[in-house]
Amino acid sequence: MDLIVDIEEGSIYHDKVNLIQHLNFQIKPGEFAYLIGKSGSGKSSFLKTLYADHTIQAKKAICCGYDLQSIKRKDIPFLRRKTGVIFQEFELLFDRTVHQNLEFVLLATGWKDPNAIKSRIESSLESVGLENKGQNMPHQLSGGERQRVAIARALLNTPYLIIADEPTGNLDPQLSAEITQLLYN
């Protein structure tokens, strides 16, 4: 894959309201890009477009091999399996343990082998320093720990693209640096 994201002259819409115009953006494999802008400038809307939560009209709008303009509803889960999303507000299921939150994602993306699922969850939690938190409920975790669970969840399927909306916003400076390095790798 030459480009993971390739958008040319894009306009992003949500509920038929034009949010962004004249967008040109490319990401190559291995690149690390930051979006910087004022609150309300469309950063989160742009990120949501990459996993087909907002619509786009463009000369070209490709993400992880999918045409974002013509993607069918049934293909959106396949696009999302190739993207790891770290949400600004964690988006954890509060009626399930950390382990069950991660297991839910793996089962939803086609994993079947219980041993492979367990191993992948353990590896993912270890990568973010939460190897002993699998049986905790989200409400038992600090904000920083919840964010690390969200990061572990995004990394589960070794995605082509990680989309992170303020991934270190709830972390202390040292942990922010560690998580940024983890995402960069």
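Up top is the structure these notes are about.
J.: Hey, could you run me through the overall build of the chain in this one?
T.: For the chain, the helix and strand inventory stands at six helices and seven strands. What you see in the chain, going N to C, is helices and strands ordered as β-β-α-β-β-β-α-β-α-α-α-β-α. Its C-alpha atoms give the chain a radius of gyration of 17 Å, within 12% of the compact-globule value 16 Å for 185 residues. In terms of overall dimensions, the chain has a C-alpha envelope of 50 × 35 × 30 Å along the principal axes.

J.: Where do I start with helix α3 (residues 98–108) in this structure?
T.: Side chains three or four residues apart in an α-helix point the same way, a direct result of the helix having 3.6 residues per turn. Of all the residues in α3, the buried ones are Val-98, His-99, Asn-101, Leu-102, Val-105 and Leu-106. Seen end-on, α3 carries its buried residues on one side only, within an arc spanning 165°. Against the buried residues of α3 lie α4 (114–127) and α5 (143–155). Following α3 by one or two positions, Gly-110 adopts a phi angle in the positive range, close to 100°.

J.: Can you walk me through the pattern of salt bridges in this structure?
T.: Opposite charge on two side chains allows them to pair when their charged atoms are near. For the structure shown, the criterion picks out five salt bridges. For Lys-118, the salt bridge is made with Glu-122, and the minimal N-O distance between the two is 3.4 Å. One end of the pair, Lys-118, and the other, Glu-122, are both in helix α4, four residues apart, so they sit about a helical turn from each other. Judged by its relative accessible area of 46%, Lys-118 falls in the partly exposed class. Close ionic contact of Glu-145 with Lys-133 constitutes a salt bridge, the shortest N to O distance being 3.4 Å. With a gap of twelve residues between them, Glu-145 in helix α5 and Lys-133 in the loop between α4 and α5 connect regions that are remote in the sequence. Looking at Lys-133, the relative accessible area reads 25%, which means it is partly exposed.

J.: In this structure, what is going on with the side chain of Thr-97? I would like to understand it.
T.: Looking at where Thr-97 falls in the secondary structure, it is placed in the loop between β6 (83–86) and α3. Contacts of Thr-97, omitting those with residues within four sequence positions, involve Gly-134, Gln-135, Asn-136 and Met-137.

Rules of the game
- Residues numbered from 1 in each chain as written.
- Predicted model: local features only at pLDDT ≥ 70, side-chain atom pairs only at ≥ 80, totals over all residues.
- Heavy atoms only, no water.
- Helix = DSSP H or I, 4+ residues; strand = E, 2+ residues; numbered from the N terminus.
- Rg over C-alpha atoms; globule rule 2.2 N^0.38 Å.
- Buried < 20%, exposed > 50% of the residue type's maximum accessible area, 1.4 Å probe, protein only.
- Arc of directions from axis to C-beta.
- Contact = heavy atoms within 4.5 Å.
- Salt bridge = Lys/Arg side-chain N within 4 Å of Asp/Glu carboxyl O.

In short, shape yes, function no, at least from these values alone.
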